[in-house]
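Examining the three-dimensional arrangement
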Amino acid sequence: MNNQKFFFIISSLVILLAGCTGKTEINDLGLVMAVGLDKGEEEGTIQITAQIVRPADARGQTGAPSGQTGEPIWSTTATGDSIFSAIRHLGRHSSRRIYWAHNYIIAINEELAKEGISDIIDFFTRNHQLRMRTLVAVTPDPASELVSTITGIEVVPGQAIDDLFLYNTISSAAPRTEMLDLQKAYLSESTHPVLARLSLNEHGISNKEPSNTPTLKQVELDGNGVFKNDKLIGTISADDTMGLMFFLENVKSSAIVTNCTDDPNETITVEIKSEKFEVTPTYENNQVGFDVQFNTNVQLVEAGCPFSIQNEQQVQKLEEQLEESIKGKIEKVLQLAQEEFKVDILELGNTFNNRYPAEWKEISQNWDSVFAEAKVNTSVDVQITSSALLYRPTQSGKKNEGNQ
């Protein structure tokens, strides 16, 4: 009898525990691919725009049959007194439960960022569905429009924006900034955050109505936004971002254009093939300083003037010219950080702390002012190691062409 009772209890537990209590079917979820944050129309409110994928349409399995629209995404927006309340309001008109774990990017309008993003950092790092590897960026355009714009060859805008950053170390037009980087800089006692900047510009040409000028807006990497604590205080242009990238990321395969050594009206282009960037802190007579050393090997990829890598004088002159150009890019971002923004966005405080921990304790409280006065020596060495497939200038083979 006891054995029968024991068997009955075990069988009941197995049946009950083997069920999928609380399960959520994927067909019940609305998968968010991108999020845009803008100021609401009413003071103190925030507008959230979620870009939600339509799985069947995104896979190209529909030609707008019954039940489908042919559009790969559905963008919806709501406003609330807080991010959480705005998201709850999305649920009032979404037929599926909003699910955030697959989100690619959080885009923040610059007007909202100027007022502070501490609540945004808190919410998106506190939410268990969100990943710390999600991209975060600022935009001068309405974030609602940015996250809804189909750009590139991807059908899902959020994925397309994420893919733009795959090659940002080549274009050097904006750093790849993730929620983890933002939180790390925000919590740091010395480093202030920088976020990638995205803008909408007309670069696309319609296949249905071709024209000589682009008419379709596309999302573009457009420099970065500079924060002091949690407030946006300025931006750095895409042209000046390469100098910042040396400090924050590895710069791979970036192109550098300079004037020809013998003809300032023509240009010559080289490509970075390898680089080594080192920052060495110094501390003498209570003065904080840094020695910045950048060594790179480059390859000649395009010449608008006669240039041969076998001509040592030409090569040496071009190397010196490139060294001045790169040094200028590094010194420009140093000037912006130290004199214009007066905040350490280059992580130099962390470098100094690692080398001089005892001295750091004495100056860390006033680091922003110490950083602004720090002396930085920059040294650049460029070696032209090859000229791609050509050693001699490209010249016409028609020797008598000029006499005809």
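Figured I'd write up the structure that's included with this text. (Residues numbered from 1 in each chain as written. Predicted model: local features only at pLDDT ≥ 70, side-chain atom pairs only at ≥ 80, totals over all residues. Heavy atoms only, no water.)

Strands sit in the order S10-S11-S12-S13 across an open sheet of 4 strands; the sheet is mixed. Strands with a single pairing partner mark the edges of an open sheet, and in this sheet they are strand S10 (255–259) and strand S13 (375–386). Each strand axis lies, on average, 35° off the axis of its neighbour in the sheet, ignoring direction. Bridging between S10 and strand S11 (residues 267–284) involves 5 bridges; their strand directions are antiparallel. Within S11, the residue paired with Val 257 across the bridge is Thr 269. Here helix H10 (residues 241–248) sits on the sheet and contacts S10, S11 and strand S12 (287–303); the angle it forms with S11, its principal contact strand, is near 55°. (Pairing = 2+ DSSP bridges. Helix = DSSP H or I, 4+ residues; strand = E, 2+ residues; numbered from the N terminus. Axes fitted to C-alpha atoms, helices over the stretch in contact; angles between N-to-C directions. Contact = heavy atoms within 4.5 Å.)

Of the volumes computed, that of the largest pocket is approximately 450 Å³. Forming the boundary of the largest pocket are 21 residues, of which Arg 176, Asp 181, Leu 248, Glu 249 and Glu 347 lie nearest the centre. Contributions of two or more residues to the lining of the largest pocket are made by helix H8 (168–171) and helix H9 (179–187). Here the lining of the largest pocket gets 5 residues from one element, more than from any other, and that element is H9. (1 Å grid on protein atoms, 1.4 Å probe; cavity = no way out; pocket = protein on both sides within 12 Å on 5 of 7 lines; lining within 4 Å. Points joined across faces, edges and corners; volume = space filled by probe spheres on them.)

Another point: the packing of helix H5 (residues 118–126) against H9. Axis separation between H5 and H9 bottoms out at 11 Å; the angle between their running directions is 125°. In terms of their interaxial angle, H5 and H9 are classed as oblique. In terms of crossing hand, the pair formed by H5 and H9 is left-handed. Between H5 and H9, the contacting residues are Ser 118, Ile 121, Phe 124 and Thr 125 on the first element and Met 179, Leu 182, Gln 183 and Tyr 186 on the second. Grouping the constituent residues of the contact of H5 with H9 by class yields 5 nonpolar, 3 polar and no charged. (Parallel < 35°, antiparallel > 145°, perpendicular 65-115°, else oblique. Left-handed = near helix turned anticlockwise from the far one by under 90°. Nonpolar A, V, L, I, M, F, W, Y, C, P; charged D, E, K, R; others polar.)

Counted under the stated rule, the structure contains 13 aromatic pairs. An aromatic cluster is present here, built from Tyr 283, Phe 290, Phe 352, Tyr 356, Trp 360, Trp 367 and Phe 371 joined pairwise through their rings. (Phe/Tyr/Trp six-rings, centres within 6.5 Å; stacked < 30°, edge-to-face > 60°.)

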